[in-house]
Amino acid sequence: MSNKLLYDLMAQADKLEPDQQLQLIAHLAQRVRHCEITPKPRHNIKEFRGIAPNLLGGMDAQEYVSRMRRGEFPELEIEARKQK
């Protein structure tokens, strides 16, 4: 699945009523129960050394790393900015 599609789905989910969001969560949870999930490899902070601000869509590198550690998806936000 592309990042754009995932970002679009998340934006659509935000527009649902709370009860519809709960139905969506239940549906996804049911599907995921039957899947084997392999964790993504962890990133070494040194990978971000010297990254140019334009690659982060103008986002500060420290903000990007902090948001990743909180489990957010800043790369989806950056990708959406690039596609506009």
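Being a predicted model, the structure only gives us computed values, none of them experimental.

Chemist: Break down the overall build of the protein chain for me, citing the residues and quoting the values.
Modeler: Along its length, the protein chain carries four helices and zero strands. Within the protein chain, buried positions represent 13% of all 84 residues. Pairs at least 24 residues apart make up 35% of the contacts formed inside the protein chain by residues separated by at least 6 positions. Carbon together with sulfur atoms contributes 55% to the accessible area of the protein chain, which is approximately 7,400 Å² in total.

Chemist: An account of the environment of Arg 49 is requested, with residue identities and associated values reported.
Modeler: Mapped onto the secondary structure, Arg 49 falls in the loop between helix H2 (18-33) and helix H3 (61-69). The class of Arg 49 is exposed, set by a relative accessible area of 77%. Between the C-alpha atom of Arg 49 and that of Ala 61, which follows or precedes it by 12 residues, the distance is 9.1 Å.

Chemist: Explain the side chain of Arg 67 to me, and be specific about the residues and the numbers.
Modeler: Relative to the helices and strands, Arg 67 is located in helix H3. Residue class for Arg 67 comes out buried when judged on its relative accessible area of 12%. Side-chain polar atoms of Arg 67 contact the side chain of Glu 72, separated by 2.7 Å. Setting aside its immediate chain neighbours within four residues, Arg 67 contacts Met 59, Glu 72, Pro 74 and Glu 77.

Chemist: Lay out the pattern of salt bridges with the relevant residues and their values.
Modeler: One pass over the structure, following the stated rule, counts four salt bridges. Note that Lys 4 and Asp 8 form a salt bridge whose closest N and O atoms lie 2.9 Å from each other. Placement of the pair is Lys 4 and Asp 8 together in helix H1 (residues 3-14), with a separation of four residues, close to one helical turn. Here Asp 8 falls in the partly exposed class, since its relative accessible area comes to 28%. With a closest N to O distance of 3.8 Å, Glu 63 and Arg 67 form a salt bridge. Of this pair, Glu 63 and Arg 67 both sit in helix H3, separated by four residues, roughly a single helical turn. In this structure Glu 63 comes out as partly exposed when scored by relative accessible area, which is 37%. A single salt-bridge network, built from bridges that share partners, covers Glu 63, Arg 67, Arg 70 and Glu 72.

How each quantity is defined
Residues numbered from 1 in each chain as written. Predicted model: local features only at pLDDT ≥ 70, side-chain atom pairs only at ≥ 80, totals over all residues. Heavy atoms only, no water. Helix = DSSP H or I, 4+ residues; strand = E, 2+ residues; numbered from the N terminus. Buried < 20%, exposed > 50% of the residue type's maximum accessible area, 1.4 Å probe, protein only. Contact = heavy atoms within 4.5 Å. Areas by Shrake-Rupley, 256 points an atom, 1.4 Å probe, with all protein chains shown as cover. Polar contact = N/O pair within 3.5 Å; in protein donor to acceptor, adjacent residues only side chain to side chain. Salt bridge = Lys/Arg side-chain N within 4 Å of Asp/Glu carboxyl O.

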